[in-house]
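Now for the letters of each chain:
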Amino acid sequence: MLKKTTLITGVCGEIGQALLETLAEKKEHNIVTFDLKPLPKAFQGKSTHIEGDILDESILAHLANEYEFEVIYHMAALLSTTGEKKPLLAHEVNACGTIALMEIASKQSRARGERVKFIFPSSIAAYGLPDLKTKTEHYYIGEKECTEPTTMYGCTKLYCEKIGNYYSEYLLQLAEEAPVRMDFRSLRFPGLISAFTVPSGGTSDFGPEMLHAAAQNKPYACFVRRDVRIPFMVMPDAVKSLITLANAPLENLSTRVYNVTSFSLSAEDFEEQVQKYFPNAEITFEPDLKRQAIVDSWPADLNDDAARKDWGWKPDYDVTRAFEEYLVPNIRKRYR
Ligand code: SER
């Protein structure tokens, strides 16, 4: 028999692990997880795990035939730095993989007459500011501004936002009777920082890498200039925003793509925070001009007014609480 299910793809990534932890605690869902890798030991038993490639049609067919999805959290993606090393693969995974999954959500919505929710993490990488002057002048970027991404990752995020909106609002618009369509909802995340995992393959990674290195007494050479500024958020707030958006009544949503953020820091501000708690940290700045250019094209901060107004978004952690109560104590424990 088909079981009502929440699906998390890319569960072995940073957001995926944190999301599984929280959703499994709630015990409200039958959870199926999906990743190229096996589920880490600490998570075993929290979900039915399927190991495989998002581009493998036979696995997707199995998922579609075996389960009735109520919510799909689609976290599987290649991040921005990896995407620049393997642009075609990034396109296949991030764009084609996402559309293949949207097809499942879409067909199940029509077959059951219930809108399957498709929750999608987009990114500050969907933006592209032409130069540093614009980055300084347009400080709080709103959802509709400067969407000219310069990475394959950013392009695929922006594209999937559009396709998600299409599947939710217009799919089969010429049919005699409007079909029941899937319900796409997306968050443009800033750089995310977890106390429990270290990112890999992203370009906002300099923040979390600096902190995790300091906690292990390892020297760290930061790959961007001191003055580079982007917004950040800690993982518990990222998970909270995903679940709150998934649970928000559809009629409250004025858009399907929302900015969310917590605090904005320059690399130097980040260093200051790290030095405050780890005074012996050895941090140097050795910019990699190519990765630097990517971060220069991202906004210094995001305007998340729409999320605040429509579904009551508010981060729990400002910068002080983030370091003092979440990051530093948990990271100290981790590397003790
Ligand atoms: N963290 C992502 C990256 O650096 C941006 O969303 O690629």
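Residues numbered from 1 in each chain as written. Predicted model: local features only at pLDDT ≥ 70, side-chain atom pairs only at ≥ 80, totals over all residues. Heavy atoms only, no water.

**Quick look at the packing of helix α9 (residues 267-277) against helix α12 (residues 319-335)**
Here is step 1 of the chain: With their axes 11 Å apart at the nearest point, α9 and α12 run at an angle of 55° to one another. With respect to each other, α9 and α12 are oriented oblique. Pair α9 / α12 crosses with right-handed handedness. For the pair formed by α9 and α12, the contact residues are F270, Q273 and Y277 on the first element and V319, T320, F323, E324, V328 and R332 on the second.
Here is step 2 of the chain: When its residues are assigned to classes, the contact of α9 with α12 shows 5 nonpolar, 2 polar and 2 charged. (Axes fitted to C-alpha atoms, helices over the stretch in contact; angles between N-to-C directions. Helix = DSSP H or I, 4+ residues; strand = E, 2+ residues; numbered from the N terminus. Parallel < 35°, antiparallel > 145°, perpendicular 65-115°, else oblique. Left-handed = near helix turned anticlockwise from the far one by under 90°. Contact = heavy atoms within 4.5 Å. Nonpolar A, V, L, I, M, F, W, Y, C, P; charged D, E, K, R; others polar.)

**Describing the sheet that holds strand β8 (residues 191-193)**
Here is step 1 of the chain: Taken together, 3 strands build an open sheet; the order of strands is β8-β10-β12 and the sheet is mixed. Because the sheet does not close on itself, it has two edges, and the strands there are β8 and β12 (263-266). Neighbouring strand axes in the sheet, compared pairwise and without regard to direction, differ in orientation by 45° on average.
Here is step 2 of the chain: By the bridge criterion, 3 bridges tie β8 to strand β10 (residues 229-234) in an arrangement that is parallel. Bridge pairing in β10 links L192 to M233.
Here is step 3 of the chain: Relative to β10, helix α8 (residues 235-247) is tilted by about 75°, and along the sheet it contacts β8 and β10.
Here is step 4 of the chain: The strands touched by α9 are β8, β10 and β12; relative to β12, the strand with the most contacts, the crossing angle is about 95°. (Pairing = 2+ DSSP bridges.)

**Quick word on the side chain of R181**
Here is step 1 of the chain: Its place among the elements puts R181 in the loop between α6 (152-169) and β7 (183-189).
Here is step 2 of the chain: Among all residues touching R181, those that are not within four sequence positions of it are S109, R115, Y167, S168, E169, Y170, L171, L172 and Q173.

**Looking at the packing of aromatic side chains**
Here is step 1 of the chain: For the coordinates displayed, the defined rule picks out 14 aromatic pairs.
Here is step 2 of the chain: Both rings, one in F206 and one in F223, keep their centres 5.8 Å apart while their planes meet at 90°; by these two values the pair is edge-to-face. Of this pair, F206 sits in helix α7 (residues 206-215) while F223 sits in the loop between β9 (220-222) and β10, placing them 17 residues apart in sequence. There is no split in this pair, since F206 and F223 are both buried.
Here is step 3 of the chain: Centre to centre, the rings of W311 and W313 are 6.2 Å apart; their planes meet at 45°, and the pair counts as tilted. When sorted by exposure, W311 lands in the same class as W313, which is buried.
Here is step 4 of the chain: Through successive ring pairs, a cluster of aromatic residues spans F206, F223, F232, F270, Y277 and F323.
Here is step 5 of the chain: Over the ring of F223 we find R291, and its NZ or CZ is 3.7 Å from the ring centre. (Phe/Tyr/Trp six-rings, centres within 6.5 Å; stacked < 30°, edge-to-face > 60°. Buried < 20%, exposed > 50% of the residue type's maximum accessible area, 1.4 Å probe, protein only. Lys NZ or Arg CZ within 6 Å of the ring centre and 35° of its normal.)

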